Amino acid sequence: MNRVRTPFSLLAERVTVPDRWVRYAALATLVCSVLIIVTGGAVRLTGSGLGCPTWPTCTSSTLAPTSAMGVHGLIEFGNRMLTDVICVIVGLAILASRCAKPWRKDVTRLGWYQFWIIVAEAVIGGITVLTHLNPYVVSLHFLCSMLLIVTSLAMWQRTREGDGAPVRTVGRPIIHLSRVTVAVTALLVVAGTLVTGTGPHPGDSSDVKRMPFNWDKITQFHADFAMITVGLAVAMLFVLMAVDAPSAPRRAAKGFLAVLLAQGVLGFVQYFTHVPELLVGIHLLGAALCWIAVLRLHLSLRVRPESDALPRPADIEALAAV
């Protein structure tokens, strides 16, 4: 059967990209996925969410903002243009992975997942503007960015490991505890969007709709989830130390706990100082870093050898049977 030839396959026949370039490109997509959260937060915290009052153009008659729209128009338009830049970077990562030898299809597939998530995020961003910063749509827009982090981190991880089948380096109960920790951290992020959608900084100085919750109560709800997450992070660390797990999971657990504690302290300071814009922006960055840290912790609990044909160490074989 003849293979279907595409521009990507034709390019791969003529160009070979070193593996380290693919790793750098994948890391760049992860950095960009965090950057888009920070810049999106800057748009909201500067009240520039409706700096461009329509979408996909900035006004009904111009693509770019006019001088009369001031700094808010520039900030909102700049964030839109950043999405285009990130699309280019993800595209380069896709091309780099396709031109690697041998071609690792799963790495390229993760790049395409990122591309389509960015497209969806751009559409949701447009709906956000067209619905005048509806808080539920704003929350969905943020959560889409967290999904982008999942795919970009997974792509970066795959470029740093072999193609063999994944093998657990810890017992199955620890894997289950890790999954619970990831799920609760995800719920913590969702609870954070409810706090944001209820509280100040709606994204524009006009009368923007807010979520119908009591801000103090929903903030306490978010804090409760944070306490549960910290408890799970401590449990993960102690369990990994108790079973003398490999150094990588123990380092990842310490990193997750450290970022989570820093985020918690920042949250309390933010609450008692009446949520100043700068601290809210740092808290958004912290949310992205917490999400990355818990995902890295989960991914550190297994290894992928270079090839299934290579022999596995005896201790890993024993754990795989647990």
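The coordinates are above.
A brief structural summary. (Residues numbered from 1 in each chain as written. Predicted model: local features only at pLDDT ≥ 70, side-chain atom pairs only at ≥ 80, totals over all residues. Heavy atoms only, no water.)

1. Some details on helix α2 (residues 19-45)
Here comes step 1: Taking 1.5 Å as the rise per residue, α2 with 27 residues should run 39 Å; its terminal C-alpha atoms sit 40 Å apart, in good agreement.
Here comes step 2: A positive phi of about 70 degrees marks G47, the residue just after α2. (Helix = DSSP H or I, 4+ residues; strand = E, 2+ residues; numbered from the N terminus. Expected span 1.5 Å × (residues − 1).)

2. As for the state of the cysteines
Here comes step 1: One pass over the structure, following the stated rule, counts one disulfide.
Here comes step 2: Note on cysteine connectivity: C52 is disulfide-linked to C58, with sulfurs 1.9 Å apart. For the disulfide bridge between C52 and C58, the dihedral angle about the S-S bond is near -80 degrees, and by the sign convention the bridge is left-handed. Comparing C52 with C58 shows no difference in burial state: the two are buried. (Disulfide = S-S within 2.5 Å. Buried < 20%, exposed > 50% of the residue type's maximum accessible area, 1.4 Å probe, protein only.)

3. Re a nonpolar patch on the surface
Here comes step 1: Where nonpolar side chains cluster on the molecular surface, the patch consists of F8, W55, W112, W116, V119, V123, I127 and L130 and spans about 690 Å² of accessible area.
Here comes step 2: Ranked by the residues each element gives to the nonpolar patch, the list is headed by helix α4 (residues 105-130), at six residues.
Here comes step 3: Judged by its relative accessible area of 31%, W55 falls in the partly exposed class. (Patch = residues over 30% accessible without salt bridge, like charges linked within 9 Å, V, L, I, M, F, W, Y side chains within 5 Å. Areas by Shrake-Rupley, 256 points an atom, 1.4 Å probe, with all protein chains shown as cover. Salt bridge = Lys/Arg side-chain N within 4 Å of Asp/Glu carboxyl O.)

4. Section: the nonpolar core
Soluble globular proteins: nonpolar side chains tend toward being buried together.
Here comes step 1: In this structure, I37, M146, I149 and L240 are the most contacted members of the largest nonpolar core, which totals 64 residues.
Here comes step 2: At the level of secondary structure, the elements contributing two or more residues to this core comprise α2, α3 (70-98), α4, α5 (135-159), α6 (172-198), α7 (215-242), α8 (247-272) and α9 (277-299).
Here comes step 3: Take this core: its biggest share by element is ten residues, from α9.
Here comes step 4: Sequence-distant contacts of I37, that is, excluding residues within four places in its chain, are made with F142, S145, M146, I149, L284 and A288. (Core = buried A, V, L, I, M, F, W, Y, C linked by side-chain atoms within 4.5 Å. Contact = heavy atoms within 4.5 Å.)

5. Comments concerning unusual backbone geometry
Here comes step 1: Cis geometry is found at the peptide bond from W55 to P56, where omega equals 10 degrees.
Here comes step 2: The residue P56 is located in the loop between α2 and α3 in this model.
Here comes step 3: Omega for the peptide link from K101 to P102 comes to 0 degrees, which places this bond in the cis form.
Here comes step 4: You can see P102 is positioned in the loop between α3 and α4.
Here comes step 5: Unusually for a residue other than glycine, V275 sits at a positive phi of about 45 degrees.
Here comes step 6: Position of V275 among the secondary structure elements: in the loop between α8 and α9.

6. Re the side chain of R158
Here comes step 1: Turning to its location among the elements, R158 is positioned in helix α5.
Here comes step 2: Residues in contact with R158, not counting those within four places in the same chain, are R104, D106, V107, L110, D163 and R304.

7. Side note on the environment of H141
Here comes step 1: Take H141: it is sitting in helix α5.
Here comes step 2: Note: C-alpha distance between H141 and G125 (16 residues apart in sequence) is 6.3 Å.
Here comes step 3: Setting aside residues up to four positions removed in sequence, H141 forms contacts with E121, I124, G125 and T128.
Here comes step 4: A distance of 3.2 Å separates a polar side-chain atom of H141 from the backbone oxygen of E121. (Polar contact = N/O pair within 3.5 Å; in protein donor to acceptor, adjacent residues only side chain to side chain.)

8. Let's talk about the packing of α5 against α9
Here comes step 1: Contact geometry for α5 and α9: axes closest at 10 Å, N-to-C directions at 40 degrees. In this view, α5 runs oblique relative to α9, as classed from their interaxial angle. Once α5 is placed against α9, the crossing between them reads as right-handed. Only L284, A287, A288, W291, I292, L295, R296 and L299 of α9 make contact with α5, whose side of the interface consists of F142, M146, I149, V150, L153, W156 and Q157.
Here comes step 2: A per-class count over the contact of α5 with α9 returns 13 nonpolar, one polar and one charged. (Axes fitted to C-alpha atoms, helices over the stretch in contact; angles between N-to-C directions. Parallel < 35°, antiparallel > 145°, perpendicular 65-115°, else oblique. Left-handed = near helix turned anticlockwise from the far one by under 90°. Nonpolar A, V, L, I, M, F, W, Y, C, P; charged D, E, K, R; others polar.)

9. Remarks on the packing of aromatic side chains
Here comes step 1: Per the counting criterion, the structure on display carries five aromatic pairs.
Here comes step 2: Summarising the aromatic geometry, the rings of Y271 and F272 are spaced 5.2 Å apart at their centres and angled 85 degrees between planes, so their arrangement reads as edge-to-face.
Here comes step 3: Exposure remark for Y271: the relative accessible area of 30% places this residue in the partly exposed category.
Here comes step 4: Judged by relative accessible area, F272 falls into the exposed class, the value being 60%.
Here comes step 5: Taken together through their ring pairs, the aromatic side chains of W112, F115 and W116 make up a single cluster. (Phe/Tyr/Trp six-rings, centres within 6.5 Å; stacked < 30°, edge-to-face > 60°.)

Don't take any of this as a statement about function, it's just geometry.
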